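# Fold and contact review
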Amino acid sequence: MARSTLRPKAIVPLGDCAVYIEFSDKLDLEVNAVVQRLALAVHARSLPWIRGVVPALGGLALYFDPDHPAAHGDALQAAANVVQECLKESLAGRDEVLRTVEVPVCYDPEFAPDIEEVAKKVELSVDEVAARHAAGDYRVLMIGFAPGHAYMGGLDRKLGVPRRATPRALVAPGAVAIANEQTVVYPYAISGGWNVIGRTPLTVFDASREEPSLFAPGDRVRFHAISAEEFVRMQQ
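What counts as what
- Residues numbered from 1 in each chain as written.
- Predicted model: local features only at pLDDT ≥ 70, side-chain atom pairs only at ≥ 80, totals over all residues.
- Heavy atoms only, no water.
- Helix = DSSP H or I, 4+ residues; strand = E, 2+ residues; numbered from the N terminus.
- Rg over C-alpha atoms; globule rule 2.2 N^0.38 Å.
- Buried < 20%, exposed > 50% of the residue type's maximum accessible area, 1.4 Å probe, protein only.
- Contact = heavy atoms within 4.5 Å.
- Lys, Arg positive; Asp, Glu negative; His and termini not counted.
- Charge placed at Lys NZ, Arg CZ, Asp CG, Glu CD.
- Domains from an automatic or database assignment.
- Buried area = accessible area lost by both parts, 1.4 Å probe.
- Polar contact = N/O pair within 3.5 Å; in protein donor to acceptor, adjacent residues only side chain to side chain.
- Nonpolar A, V, L, I, M, F, W, Y, C, P; charged D, E, K, R; others polar.

Attention shifts here to the overall build of the protein chain. When you go through the protein chain residue by residue, the secondary structure sums to five helices and 13 strands. The C-alpha atoms of the protein chain give 19 Å as radius of gyration, which agrees with the globular expectation for 236 residues (18 Å, within 12%). The burial tally for the protein chain puts 46% of its 236 residues in the buried class. For the protein chain, restricting intrachain contacts to residue pairs at least 6 apart in sequence, the fraction spanning at least 24 positions comes to 61%. Charged side chains of the protein chain number 24 positive and 30 negative; the gap between the two group centres comes to 4 Å.

With respect to the element layout, Lys-88 can be found in helix 2 (residues 75-88). Residue classification places Lys-88 among the exposed residues on the basis of a relative accessible area of 51%. As for Lys-88 and Leu-124, which are separated by 36 residues in sequence, their C-alpha atoms are 47 Å apart.

With that settled, consider the domain arrangement of the protein chain. Along its sequence, the protein chain is organised into domain 1 (3-92) and domain 2 (100-235). If you look at the interface, domain 1 gives seven residues, while domain 2 gives seven residues. Regarding the contact of domain 1 and domain 2, the summed buried area is about 640 Å², with carbon and sulfur atoms giving 67% of it. Contact with domain 2 buries surface across domain 1, with Leu-27, Gln-36 and Leu-57 losing the most and accounting together for 59% of the total. At the boundary of domain 1 and domain 2, one finds three residue pairs in polar contact (both at pLDDT 80 or more). The biggest single contributor to the side of domain 1 that touches domain 2 is helix 1 (residues 29-44), with three residues. Per-class residue counts for the side of domain 1 that touches domain 2 are five nonpolar, two polar and no charged.

The following block contains the structure:
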């Protein structure tokens, strides 16, 4: 792969200790793929003044040590220089799939309060909605909104329904939901406005684990359907 032709649209501060480099202000899977590779390239440099590298849907956040000489004075320019240097290099080999996460999902109505409404909107049966969702090849685009909350691209376009008109005050942990062109798995009980079409018995986020989040940016994710009985057994 040749060097990337992508260039930042904006470089803005995020408080006093972070910089956001924006490449796109809308969801673009090709841009996100470059952002994922760029994050790996920046991380691989192990620069002492950079404390964290966080890829987003259309950009990259760099968290830095404001007292470090390399960042002191003009951290925005320092961040821009690092990104430009990485973009000038070949990013080939940095887009390999680090891992594939298999996620069992029960699509039965008792675990999927919105699946019948989604089926009506897209003019499919409930079984077809579940089958199309489970057949997708997903990739984690970013972690955001809440710890462990993974936004995944790859949803069947036929299932691209909008968010619910009225968000729920509480969505069950492990709820699998869709909206627009993405799918998510709620990491724990939080509010949310996405359409819940299933639920996984897996623990998505546990702060006591060595790796708290089940998902990480760049992961490939595959869902497979399970019965209600299997859900209960796996949850126990």
